[in-house]
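# Overview (structure and organization)
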Amino acid sequence: MESTIGRRSLMAGGGLALVAGAAFAGTAPAAAATAVTKNAKRVYYASDFGILPRATMPIITVDLSETDRRRYSRGMQGKPNVQAVGAPLDTVAIDQSDEINAFLQQVATLGGGIAIFEGDVNQLVGYGVKKPIVMLSEVAIWGLGWNKTTFMLMDGANCSVFVNKPGSNYHDVRDLRINGNRWGQSFPEALNFSGLGVDLLSPRDPGNLANRHPANPDNWQYNSHGILMVPDYTAPNASPYGDTYSSFENIFIVNPYGSAAMTNKVGGEIRFRNVVSQNAGGNGFTVGYDTYLSEVTVANSEYHGFLQQNGSTRFTNTKAFWCGQVLDRWQIGGGGVKVRRASIGYKIIGGCCEFSSTEAQNCGGEGFWLEDAESVNGQIASVANNMIADIAKISNPDGWGPVPNNFANDAAWNGGAASAKPTPADHPAVRLVGKSKYNNLSVTSRTAGQQAGVGLGQQAYALSVDALSGTMDNNISVTHSDGYDGKRVQGILTPDTPHSAIPQNWILANGKPLGDAVRKAPLTINEIDAAGTYIMMGPSYTYNPFPGGIVRLTCVELDNVFAVEADRLDAAGAPFTNIKYNDGLGWRGWVQRSRA
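Residues numbered from 1 in each chain as written. Predicted model: local features only at pLDDT ≥ 70, side-chain atom pairs only at ≥ 80, totals over all residues. Heavy atoms only, no water.

## Quick notes on the sheet that holds strand β13 (residues 227-228)
What counts, and what does not: When DSSP locates at least two bridges between a pair of strands, those strands are taken to pair. To qualify as a helix, a DSSP run of H or I must reach at least 4 residues; to qualify as a strand, a run of E must reach at least 2; elements of each kind are numbered from the N terminus.
Strand order in the open sheet formed by eleven strands is β8-β11-β13-β15-β17-β19-β23-β25-β27-β29-β31, with parallel pairing between adjacent strands. Strand pairing shows two members of the sheet lacking a second neighbour, β8 (133-135) and β31 (491-493), which therefore form its edges. Alignment of strand β11 (residues 162-164) against β13, held across two bridges, turns out to be parallel. Residue Phe162 lies in a different strand from β13, and its bridge partner there is Ile227.

Here you go:
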């Protein structure tokens with residue numbers, strides 16, 4: 001195979017040195033010490049120094065049934081996933097990481113510039129690497145497009161594909177594809193298929209085998225990401241340094257063992273634009289510290305789409321979909337399994353962030369989860385999530401229960417007895433938990449129209465507010481609708497949301513203050529703890545001033561003093577009114593009875 005780009009006029013004018021005979025992929029790979037001659041235009045093509053795509057990932061097709069044909073890499077049959085171009089089938093590819101890193105370092109030594117890596121229109125041909133490609137401040141790494149230039153992580157590499165040089169900043173990577181070959185990586189006890197896996201409630205020591213999990217946001221040294229930004233990838237305990245001002249643009253990241261990108265352990269000002277994560281084994285993106293994401297999509301991550309662990313992330317025109325709905329997974333030591341998790345589109349833990357035109361669709365659990373979040377601001381759309389409660393064949397082909405979405409048990413799920421079956425009330429569009437305060441959100445919650453001939457997603461409720469743990473002083477405007485058959489929408493607030501969430505937050509629901517909404521009264525009237533209007537129907541209520549019928553309770557509050565007015569509405573008992581009050585020391589019975 002000849003170079004996909006021939007001799008360029010740039011060579012004649014720029015004085016690029018070419019290793020004799022190295023313009024063809026069939027020759028031996030260039031040595032790490034290949035000399036690079038300075039180019040006045042500071043543009044260096046890797047192929048001019050014998051560095052050409054020498055790896056491929058052959059695909060096999062397996063007939064699982066008469067109607068189900070799946071495509072896999074060769075590793076499914078115990079063969080190498082990443083193989084050598086032009087060699088007999090199942091020949092392991094040559095590791096090109098040393099020659100690539102040497103090339104980049106020489107360009108940096110000459111004063112820096114742009115290092116261009118070529119490729120092939122066949123996306124399964126690329127550069128095979130078994131060590132990280134180190135990003136340098138002085139060198140921009142460019143490809144010819146995410147449909148041409150591909151970097152492939154070789155089997156058993158057990159590392160990230162791109163990492164920043166320790167202490168460096170101003171990185172520039174663009175126009176390429178990263179194949180993380182998640183099926184070819186294996187970390188001891190990282191995915192335990194027979195017993196307990198990871199427990200994030202235990203001390204987060206990545207040296208402990210129990211914490212080597214691809215979705216653990218504190219685990220990067222026993223993990224494999226597409227792009228890893230840390231203080232020092234050779235020293236796990238290195239302290240964070242200042243902002244990195246790194247830029248990643250037009251990049252397609254497929255099949256990373258962990259995340260497509262991880263930035264939550266290093267200084268901020270990191271920008272991703274027009275980047276796609278597909279089939280991540282962990283979270284799609286694990287971010288924080290002023291990471292900017294624009295036109296970024298996460299598809300089919302096994303865990304959450306976007307996980308912010310700390311700092312402040314800016315999400316602009318981003319989307320997470322089908323997270324947690326991994327219907328076919330296999331890995332070294334694990335075999336093939338089907339996985340259904342209550343994965344979340346956007347999980348924000350601590351700190352603040354900004355949302356602008358962000359969407360979560362067809363995720364296993366909630367669309368958005370805010371935990372101990374403060375001053376989160378923006379516009380979010382949650383569409384047809386809570387897929388974990390679906391029974392449609394497209395999202396649950398074999399009628400299996402879900403894998404519990406926690407790290408305490410990550411055993412392969414083979415259709416055994418599940419915990420309580422998920423319900424439409426379990427995973428609303430948006431959930432605020434812990435001490436989430438001063439957040440300003442505009443929420444569109446909707447069950448989608450027909451998808452694949454059925455209505456997917458059981459997102460029956462729009463919002464859950466953890467008022468008992470201190471979620472308060474939030475300003476939330478929400479619209480909630482059913483785009484399919486009008487039967488799946490059940491309410492704005494989940495049944496587990498306490499009534500006190502309403503006076504402690506300002507919630508505008510479908511254009512009206514939620515405090516004005518009519519709700520079912522608790523069976524024990526003294527349990528009313530929030531202002532609003534309640535309806536009782538029938539005789540089964542404790543402390544009901546009437547013998548039964550339809551009764552409207554209107555509760556008002558001022559300075560923690562409550563008053564409830566009860567009005568009999570049905571013809572049999574109207575028009576009587578009863579009033580009781582609570583002065584903070586307890587309810588004082590019905591103290592007045594009069595005709596309306």
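## Concerning the nonpolar core
Selection criterion: Here the nonpolar core consists of buried residues drawn from Ala, Val, Leu, Ile, Met, Phe, Trp, Tyr and Cys, with membership extended through side-chain atoms lying within 4.5 Å. With a 1.4 Å probe rolled over the protein chains alone, any residue whose accessible area is under 20% of its type maximum counts as buried; one over 50% counts as exposed, and the rest are partly exposed. We call two residues in contact whenever any of their non-hydrogen atoms come within 4.5 Å of each other.
Formed by 83 residues in total, the largest nonpolar core has its most connected members in Phe103, Leu104, Phe117, Phe162, Ile227 and Phe285. Non-local contacts of Phe285, meaning those with residues more than four positions away in its chain, are made with Ala260, Ala261, Phe272, Val275, Ser277, Leu293, Val296, Thr297, Val298, Gly305, Phe306 and Leu307. With 14 residues, the next largest nonpolar core counts Tyr541, Phe546, Leu553 and Ala566 among its residues.

## Observations concerning a nonpolar patch on the surface
Our working definition: Patch construction takes residues with relative accessible area above 30% that form no salt bridge. Like charges are linked within 9 Å, and nonpolar side chains (Val, Leu, Ile, Met, Phe, Trp, Tyr) are linked within 5 Å. Under the convention used here, a 1.4 Å probe and the Shrake-Rupley method define accessible areas, while residue burial counts only the protein chains that appear. Salt bridge, as applied in this entry: a Lys or Arg side-chain nitrogen positioned within 4 Å of an Asp or Glu carboxyl oxygen.
Taken together, the side chains of Met537, Ile550 and Leu569 define a hydrophobic patch exposed on the protein surface, amounting to about 270 Å² of accessible area. Among the structural elements, Leu569 can be located in the loop between β37 (561-568) and β38 (576-582).

## Quick word on unusual backbone geometry
With a phi close to 55°, Tyr170 is a non-glycine residue in the positive phi region. Checked against the element boundaries, Tyr170 lands in the loop between β11 and β12 (172-179). Even without a glycine there, the phi angle at Asp372 is positive, about 50°. Take Asp372: it is sitting in the loop between β25 (368-371) and β26 (377-383). Take Asp372: its relative accessible area is 39%, and that puts it in the partly exposed class.

## A short note on the pattern of salt bridges
Any two side chains of opposite charge can pair, so long as their charged atoms come close to each other. Under the definition given, this model contains 13 salt bridges. Put simply, Lys131 and Asp98 hold a salt bridge, and the shortest N to O gap is 3.2 Å. With Lys131 in the loop between β7 (125-129) and β8 and Asp98 in helix α2 (residues 97-109), the pair connects residues that are 33 residues apart, well separated along the chain. The class for Lys131 is partly exposed, based on a relative accessible area of 39%. Notably, a salt bridge pairs Arg174 with Glu249, separated by 3.8 Å at the nearest N-O pair. Taken as a pair, Arg174 in strand β12 and Glu249 in strand β14 (residues 246-254) lie far apart in primary sequence, 75 residues in all. Through salt bridges with shared partners, a single ionic network connects Asp172, Arg174, Glu249 and Arg273.

## Thoughts on the environment of Val564
Along the polypeptide, Val564 turns up in strand β37. A relative accessible area of 2% places Val564 in the buried class. For the pair Val564 and Ala531, spaced 33 residues apart in sequence, the C-alpha separation works out to 8.8 Å.

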